[in-house]
Amino acid sequence: MNRLDSCASPRPYSGFERQFLSFIDRGELRYPRNRLTGEPLGLMERAASRTAHIEWVMASGKASLYSFAIYHQRYVAEFEPPYNVAHVELEEGPCLISTVLTDTPRLLEIGMPLRARFEPGGRLVFVPA
Amino acid sequence: MGKPLSSIVGLGFSQFSREDIGSTRDLAIAAIEAAVRDAGLDADDLDGLLITRSSSAPAHDLPLNIRNDLGFKALRLLSIVDAEGASAVQAIQHATLALQNDMASAVVCVFADARVDSSASGAAFSRIMSLTGITDWERQYGLYGAIGPYALAARRYMARYGATQADFGAYAIACRKWARKNPSAFLRKPFSMEDYLASRWVVEPLRMLDCAYAVNGAIAVVLTTCERAMDFPRPPVYVHGMGQGHSRLTGLPALDEKSGSGAAGAAAQAYSMAGIGPGDIDMCQLYDAFSYLGLQLLEDYGLCKPGEAGAFVAEGHTSPGGRLPVNTGGGHLSGFYLQGMTPVSEAVIQARGAGAERQAGHCNAILVNGNGGQSDYHAALILSPHRSLT
């Protein structure tokens with residue numbers, strides 16, 4: 001079962017989202033880029049992605065930690081606190097939410113270099129570079 | 001400058017509670033009836049109704065046909081206004097536009113919420129937050145609750161300006177000092193910085209004491225034209241300026257220094273319409289659902305320089321007796337969280353001079369803010385007890 005089917009509360013995905021997630025399901029982190037200008041597009045920039053000629057470029061996987069939050073309160077059973085949620089900036093520019101896998105959460109620091117990794121289950125995570 | 005745009009002549013509250021005290025609709029009706037009574041009117045004197053609710057509450061909780069519950073005559077203005085946390089302030093703006101254009105003569109705006117359940121599970125506030133732009137992407141990382149995005153923004157703010165936990169603590173303490181003087185505030189027990197720093201994390205860097213205190217309740221206001229403002233039993237509160245600003249992209253970019261929130265646009269428009277600048281503001285009533293957000297708003301609306309709000313608050317300027325009283329009822333943190341109607345109602349109370357023990361010495365030009373999403377959606381009002389700001 002892939003990510004598009006397993007979503008807990010199914011809602012319509014746009015073609016743009018399907019494209020991104022289909023790469024993720026193959027273990028590829030790709031981001032949209034304007035084919036004409038070479039400008040990377042954020043994953044929020046739907047309007048630009050609709051009007052511009054876009055291509056999906058393989059990300060290097062190099063990134064930095066833009067910000068992070070550590071959950072101490074349990075919201076749902078699947079997530080045992082403490083755990084971190086990370087706002088990650090890819091070296092190419094686009095940002096996304098993920099988590100940083102680390103044995104030393106106290107050493108998380110804004111700006112620290114990270115590297116993308118796919119877990120065995122297919123989830124995209126980041127590790128300190 | 002010139003004449004004001006509209007006036008607030010009625011203010012009404014339902015009961016407030018952490019327990020189940022009725023449906024959203026019941027609470028809304030109670031607040032509307034109280035506001036109409038406060039204005040010295042009967043329901044059939046009203047010809048406009050604007051409804052707002054939490055964007056995470058079901059739409060059918062507060063439908064348009066609530067008008068049938070109230071004994072209104074045929075209305076000339078009726079709508080649900082939905083811009084997340086900016087809704088209540090926007091409703092007052094839309095009412096003002098209608099009054100100025102003779103589309104209505106007396107409009108009631110209401111906000112009601114009944115999501116707190118007595119089991120205190122917080123389930124109603126535990127929705128998944130979308131920041132990346134890919135539907136449900138955040139579910140796999142556990143980004144639950146409005147607090148998540150604000151914790152990310154707060155951490156970034158700390159790194160950008162060298163702000164500390166103590167800055168957030170100073171804001172929460174200042175709000176509690178005001179709440180001490182407000183019998184309607186829910187959290188009134190004083191606490192020290194030491195207490196603050198020892199309190200439990202919810203989502204680090206935000207603690208329980210950094211978070212809004214949600215209640216079940218409703219608040220309504222009645223607006224009319226400024227020409228009729230003196231015909232009512234309570235001192236009128238004039239609307240002098242209003243503005244909105246919505247960031248170009250939602251989600252992550254709102255936390256991004258490059259794109260910013262919608263605040264700058266809302267501030268510029270509201271100040272310009274009122275013919276004043278941020279230096280003329282002598283009181284703020286802010287939508288401060290998290291302590292960090294209160295500091296960010298002081299900076300975004302030009303009342304402090306970027307990165308300086310923490311020191312400004314720690315010096316006592318926003319506390320009782322300070323030169324810029326902020327959230328004089330205790331705000332969302334210590335008073336009660338009824339979204340944009342918390343700051344609106346406190347501004348009306350202060351402008352009427354009805355603040356009793358918490359009445360501030362000055363409130364000639366009050367900045368009122370509502371904001372929602374992840375600070376994506378902003379709306380602002382400039383209110384005053386005076387017909388002219390000059």
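Please refer to the structure higher up on the page.
Calculation criteria
Residues numbered from 1 in each chain as written. Chains lettered and ligands numbered in written order. Predicted model: local features only at pLDDT ≥ 70, side-chain atom pairs only at ≥ 80, totals over all residues. Heavy atoms only, no water. Helix = DSSP H or I, 4+ residues; strand = E, 2+ residues; numbered from the N terminus. Rg over C-alpha atoms; globule rule 2.2 N^0.38 Å. Buried < 20%, exposed > 50% of the residue type's maximum accessible area, 1.4 Å probe, protein only. Contact = heavy atoms within 4.5 Å. Areas by Shrake-Rupley, 256 points an atom, 1.4 Å probe, with all protein chains shown as cover. Lys, Arg positive; Asp, Glu negative; His and termini not counted. Charge placed at Lys NZ, Arg CZ, Asp CG, Glu CD. Axes fitted to C-alpha atoms, helices over the stretch in contact; angles between N-to-C directions. Parallel < 35°, antiparallel > 145°, perpendicular 65-115°, else oblique. Nonpolar A, V, L, I, M, F, W, Y, C, P; charged D, E, K, R; others polar. Pairing = 2+ DSSP bridges. Patch = residues over 30% accessible without salt bridge, like charges linked within 9 Å, V, L, I, M, F, W, Y side chains within 5 Å. Salt bridge = Lys/Arg side-chain N within 4 Å of Asp/Glu carboxyl O. Core = buried A, V, L, I, M, F, W, Y, C linked by side-chain atoms within 4.5 Å. Phe/Tyr/Trp six-rings, centres within 6.5 Å; stacked < 30°, edge-to-face > 60°. Lys NZ or Arg CZ within 6 Å of the ring centre and 35° of its normal. Left-handed = near helix turned anticlockwise from the far one by under 90°.

Once that is clear, we can look at the overall build of chain B. Counting its secondary structure elements, chain B contains 10 helices and 11 strands. Rg of the C-alpha trace for chain B: 19 Å, near the compact-globule value of 21 Å for 390 residues, within the 12% margin. With respect to the three principal axes, the spread of C-alpha positions in chain B is 55 × 45 × 40 Å. When the 390 residues of chain B are sorted by exposure, 62% land in the buried category. Once local pairs closer than 6 in sequence are excluded, the contacts in chain B between residues at least 24 apart make up 75%. Accessible area for chain B stands at about 13,300 Å²; split by element, carbon and sulfur atoms hold 50% of it. Averaging the coordinates of the 31 positive side-chain charges in chain B and doing the same for the 37 negative ones gives two points 2 Å apart.

To continue, consider the overall build of chain A. When its secondary structure is counted, chain A shows 3 helices and 7 strands. Ordered by position in the sequence, the α and β elements of chain A form the string α-α-β-α-β-β-β-β-β-β. For chain A, the proportion of its 129 residues judged to be buried stands at 48%. For chain A, contacts bridging at least 24 residues in sequence account for 50% of all contacts bridging at least 6.

Glancing now at the packing of helix α4 (residues 165-179) of chain B against helix α7 (residues 291-300) of chain B. Residues and elements named next belong to chain B. The contact between α4 and α7 brings their axes to 8 Å, and the two run at 90°. The pairing of α4 with α7 is recorded here as roughly perpendicular in orientation. Taken together, the residues of α7 that come into contact with α4 (itself represented by Asp167, Phe168 and Tyr171) are Ser291, Tyr292, Gly294 and Leu295. Per-class residue counts for the contact of α4 with α7 are 4 nonpolar, 2 polar and 1 charged.

All names here are of chain B. Pairing in this open sheet of 9 strands is mixed, and the strands run β3-β2-β4-β7-β1-β8-β11-β10-β9 from one edge to the other. Only two strands of the sheet have a single neighbouring strand rather than two, namely β3 (77-80) and β9 (283-285). Taken pair by pair, the neighbouring strands of this sheet meet at an average axis angle of 25°, ignoring direction. Sheet topology note: the strand β8 (residues 237-246)/strand β11 (residues 377-384) ladder contains 8 bridges and is antiparallel. Looking across to β11, one finds that glutamine 244 is bridged to alanine 379. The sheet strands contacting helix α6 (residues 263-274) are β8, β10 (366-372) and β11, and the helix crosses β8 at an angle near 150°.

Here we take up a nonpolar patch on the surface. On the surface, a nonpolar cluster with roughly 200 Å² of combined accessible area is contributed by Leu64(B), Leu78(B) and Ile80(B). Overall, the relative accessible area of 37% leaves Leu64(B) in the partly exposed class.

Residues and elements named next belong to chain B. Among the secondary structure elements, proline 320 is positioned in the loop between α8 (309-314) and α9 (331-335). Proline 320 gets classed as partly exposed once you look at its relative accessible area, which sits at 29%. Distance in space between the C-alpha atoms of proline 320 and cysteine 175 is 9.2 Å, their sequence separation being 145 residues.

One finds Phe20(A), Trp137(B), Ile281(B), Leu298(B), Tyr301(B) and Leu367(B) to be the most contacted residues of the largest nonpolar core, which totals 98 residues. Counting 43 residues, the second-largest nonpolar core is a separate cluster that includes Ala104(B), Phe111(B), Cys363(B) and Val368(B).

Moving on, we come to the environment of Ser105(B). Residue and element names in this part refer to chain B. Positionally, serine 105 belongs in the loop between α2 (87-100) and β4 (106-113). Distance in space between the C-alpha atoms of serine 105 and alanine 95 is 9.5 Å, their sequence separation being 10 residues. Not counting residues within four places of it along the chain, the set of residues in contact with serine 105 comprises Asp47, Arg76, Leu99, Leu223, Thr224, Thr225 and Arg228.

This next bit is on the pattern of salt bridges. All names here are of chain A. The full count for this structure, using the stated rule, is 17 salt bridges over all chains. With a shortest N-O distance of 2.8 Å, arginine 30 and glutamate 28 are connected by a salt bridge. We note that arginine 30, like glutamate 28, is buried. The structure contains a network of salt bridges with shared partners spanning Arg26, Glu28 and Arg30.

Turning our eyes to something else, we now look at the environment of Phe23(A). Secondary-structure assignment places Phe23(A) in helix α2 (residues 15-25). Along the backbone, Phe23(A) and Tyr83(A) are 60 residues apart, and their C-alpha atoms lie at a distance of 26 Å.

Tallied over the entire structure, the rule returns 18 aromatic pairs over all chains. Centroid distance Tyr75(A) to Tyr144(B): 6.4 Å. Interplanar angle 10°. Geometry classified as stacked. A residue pair is termed interchain when its members come from two chains, as with Tyr75(A) in the loop between β3 (62-71) and β4 (83-90) and Tyr144(B) in the loop between β4 and α3 (147-161). Each member of the pair, Tyr75(A) as well as Tyr144(B), carries the same accessibility label: buried. Taken together, a centroid distance of 4.7 Å and an interplanar angle of 55° make the contact between Phe16(B) and Phe336(B) tilted. Taken together, the positions of Phe16(B) in the loop between β1 (6-13) and α1 (24-38) and Phe336(B) in the loop between α9 and α10 (341-351) put the pair 320 residues apart, joining distant regions of the chain. Across from the ring centre of Tyr66(A), 3.8 Å away, lies the NZ or CZ of Arg156(B), which sits over that ring.

A few words on the packing of α3(B) against α7(B). Residue and element names in this part refer to chain B. Closest axis-to-axis distance for the α3/α7 pair is 10 Å, and the angle between their directions is 55°. By the criterion of interaxial angle, the relationship of α3 to α7 is oblique. Regarding α3 and α7, the two cross each other, and that crossing is left-handed. Contacts from Tyr150, Ala153, Ala154, Tyr157 and Tyr161 in α3 reach Tyr292, Leu293, Leu295, Gln296 and Glu299 in α7. Along the lines of polarity and charge, the residues of the contact of α3 with α7 split into 8 nonpolar, 1 polar and 1 charged.

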